[in-house]
Amino acid sequence: MTIRALPLPPTDAETDAWIAVLTAAQAVDLPQAPPPSRTEVAGRLRVTPARGRAALWAADGGAGVAALLLFTDEANAHTAYLDVLAVRPDARRRGLGRALWETVRAELLAQGRSSVMTLVDLGGPGERFARSLGFQNALPMAWYEQDVTRQPQAAAGATSPVAAAIAPGYALRAWHGLVPDDWAGPLATAHGAMDDAPTGDIDEKTETWTPDKLHAAHRLILDRGGEITTVAAVTAAGEVAAYTELVLPDPAGPRALQYDTVVAPAHRGNGLGRAVKLHMLELARRRYPALRRIATTVADENTPMRAVNESLGYRLDRPAAYYQLSL
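Residues numbered from 1 in each chain as written. Predicted model: local features only at pLDDT ≥ 70, side-chain atom pairs only at ≥ 80, totals over all residues. Heavy atoms only, no water.

K.L.:
Before we go on, may I ask you to explain the overall build of the protein in this structure?
P.N.:
A tally of helices and strands in the protein yields 8 helices and 12 strands. C-alpha atoms of the protein, sized along the principal axes, occupy 65 × 40 × 35 Å. Counting all 327 residues of the protein, 46% fall into the buried class. For the protein, restricting intrachain contacts to residue pairs at least 6 apart in sequence, the fraction spanning at least 24 positions comes to 71%. (Helix = DSSP H or I, 4+ residues; strand = E, 2+ residues; numbered from the N terminus. Buried < 20%, exposed > 50% of the residue type's maximum accessible area, 1.4 Å probe, protein only. Contact = heavy atoms within 4.5 Å.)

Printed below as a string of structure tokens:
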């Protein structure tokens, strides 16, 4: 078998072959999920985050693919993220997956990396393969999904199940696309409240958010063909007390991803996490008529966020975890 590095960005034909592998693998491993969107997959292959360098490989004949993100920020120059390692079901158990991994591992060592992590669904072939390579569970979590076509439960005393009530002293603001410059600073500060979110034994270091880094993260989503909406609870003093982000990797598709939801420590206990998520749901229904489901991951030990999500109609889809390997 021959494994070759792909150019960056890959050609249209190489992108189509990559999507074919992912589609075939997902049909067997995760049949309940919608098939991969070309907009999303092509965007991820062609536009690399500013804080990383991508490496892509494909097996001849289109039987398997692998994608590695080598972090380039100083705090994480020791580690990397294995974004994809997939083999077509009809080509499995022939050593192709391990051959792809050995190619990835050689690149990791050549770049001086001491660890690598990846996100896997538990109980399936991905977990078994990761364990066979020596990866260990570093952060247990789960995927949760919300049916957008159903109304969430109304809060006690609420007159409408979708009315996003806000505690006194706060107001709701929403931005589609890049956050305006005058709010980028307060939102970047609020991102810092993620420092106390569960991270388990993950080796990746949390970066300090700045307005420029915030805009770069949001611009990456747009450059890949997606859309992002941010909803925030703000104070009269111009502080972002809480926020949530909704991303549609393919704006025409039926599925969105709930990104970060954060409440600053000084403002917790006021129902702000629920308020921003409820307002986000209301906006998403109006803007995206084709949207059917919103998916998100929550760490098992993040009990408060799991409770908020459950109250809004999120239900467990499947367990997952960040797996990590020390090289």
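That covers the picture; the talk isn't over yet.
K.L.:
When you look at the side chain of glutamate 145 in this model, what are you seeing that I'm missing?
P.N.:
By secondary structure assignment, the location of glutamate 145 is in strand S6 (residues 136-147). Residue class for glutamate 145 comes out buried when judged on its relative accessible area of 14%. Here arginine 255 takes part through its side chain, which lies 3.2 Å from a polar atom of the side chain of glutamate 145. (Polar contact = N/O pair within 3.5 Å; in protein donor to acceptor, adjacent residues only side chain to side chain.)

K.L.:
What's the story with the packing of helix H1 (residues 12-29) against helix H2 (residues 38-46) in this structure? I'm lost.
P.N.:
The angle between the axes and the distance between the axes are what describe a pair of packed helices. H2 packs onto H1 with a crossing angle of 120° between their chain directions and a minimal axis gap of 10 Å. Viewed along their axes, H1 and H2 adopt a mutual orientation that is oblique. By crossing handedness, the relation of H1 to H2 is classed as right-handed. Contacts between H1 and H2 pair Asp12, Thr15, Asp16, Trp18, Ile19 and Leu22 from the former with Arg38, Val41, Ala42, Leu45 and Arg46 from the latter. The class makeup of the residues in the contact of H1 with H2 is 6 nonpolar, 1 polar and 4 charged. (Axes fitted to C-alpha atoms, helices over the stretch in contact; angles between N-to-C directions. Parallel < 35°, antiparallel > 145°, perpendicular 65-115°, else oblique. Left-handed = near helix turned anticlockwise from the far one by under 90°. Nonpolar A, V, L, I, M, F, W, Y, C, P; charged D, E, K, R; others polar.)

K.L.:
How should helix H7 (residues 272-287) be read in this particular structure?
P.N.:
Quick reminder: α-helices carry 3.6 residues per turn. Residues three or four places apart thus point the same way. Taking 1.5 Å as the rise per residue, H7 with 16 residues should run 22 Å; its terminal C-alpha atoms sit 22 Å apart, in good agreement. Burial runs high along H7: 12 of the 16 residues are buried. If you check which residues of H7 are buried, you get Leu272, Gly273, Arg274, Ala275, Val276, Lys277, Leu278, His279, Met280, Leu281, Glu282 and Ala284. (Expected span 1.5 Å × (residues − 1).)

K.L.:
I'm lost on the environment of alanine 237 in this one. Help?
P.N.:
Mapped onto the fold, alanine 237 is located in the loop between strand S8 (227-235) and strand S9 (240-248). Relative accessible area serves as the criterion here: at 75%, alanine 237 is assigned to the exposed category. Along the sequence, alanine 237 and arginine 292 sit 55 residues apart, while their C-alpha atoms lie 37 Å from each other.

K.L.:
What is the right way to look at the packing of helix H5 (residues 181-191) against helix H6 (residues 211-223) in this model?
P.N.:
At a minimum axis separation of 8 Å, H5 and H6 run at an interaxial angle of 95°. By the criterion of interaxial angle, the relationship of H5 to H6 is roughly perpendicular. Along its contact with H5, which presents Asp181, Ala184, Gly185, Leu187, Ala188 and His191, the element H6 presents Pro211, Leu214, His215 and His218. Looking at the contact of H5 with H6 residue by residue, the classes come out as 5 nonpolar, 4 polar and 1 charged.

K.L.:
Quick question: what am I supposed to make of the side chain of histidine 191 here?
P.N.:
Following the sequence through the fold, histidine 191 ends up in helix H5. The buried category is assigned to histidine 191, whose relative accessible area is 2%. In this view, histidine 191 contacts Trp209, Leu214, Tyr243, Glu245 and Asp260; residues no more than four positions away in its chain are not counted.

K.L.:
Honestly, the environment of leucine 100 in this entry has me stumped. Any pointers?
P.N.:
Among the secondary structure elements, leucine 100 is positioned in helix H3 (residues 96-110). For the pair leucine 100 and arginine 46, spaced 54 residues apart in the sequence, the C-alpha separation amounts to 20 Å. Residues contacting leucine 100, with those up to four places away along its chain left out, are Ile3, Trp57, Gly64, Val65, Ala66, Leu85, Ala86 and Val87.

K.L.:
Where do I start with the pairing of strand S4 (residues 80-87) in this structure?
P.N.:
Where a strand is regular, its side chains alternate between the two sheet faces. The element S4 is extensively covered by neighbouring structure, given that 6 of its 8 residues are classed as buried. Bridge count between strand S3 (residues 64-71) and S4: 7 bridges; the pairing is antiparallel. Paired with glycine 64 across the bridge in S4 is valine 87. (Pairing = 2+ DSSP bridges.)

K.L.:
Can you help me understand the confidence of the model for the protein in this one?
P.N.:
The predicted coordinates ought not to be read in detail in places where the model reports low pLDDT. Looking at the protein, pLDDT values average 92 and 94% of them are 70 or higher. For the stretch residues 153-162, pLDDT sits under 50, and the model shows 15 contacts to residues farther than four places along the chain or on other chains. (pLDDT = per-residue confidence, 0-100.)

K.L.:
Please clarify how the packing of aromatic side chains should be interpreted in this entry.
P.N.:
A ring pair, where both rings are aromatic, is described by two values, the distance of the centres and the angle of the planes. Enumeration according to the criterion identifies 2 aromatic pairs in this entry. Consider the rings of tryptophan 101 and phenylalanine 135, whose centres lie 5.5 Å apart with planes at 65°: the pair is edge-to-face. Taken as a pair, tryptophan 101 in helix H3 and phenylalanine 135 in the loop between helix H4 (125-132) and S6 lie far apart in primary sequence, 34 residues in all. Here tryptophan 101 and phenylalanine 135 have matching classes, each one buried. Taken together, a centroid distance of 5.7 Å and an interplanar angle of 40° make the contact between tryptophan 175 and tryptophan 183 tilted. Here the two residues tryptophan 175 and tryptophan 183 agree in accessibility, since each one is buried. Here the basic side chain of arginine 255 rests over the ring of tryptophan 143, its NZ or CZ set 5.6 Å away from the ring centre. (Phe/Tyr/Trp six-rings, centres within 6.5 Å; stacked < 30°, edge-to-face > 60°. Lys NZ or Arg CZ within 6 Å of the ring centre and 35° of its normal.)

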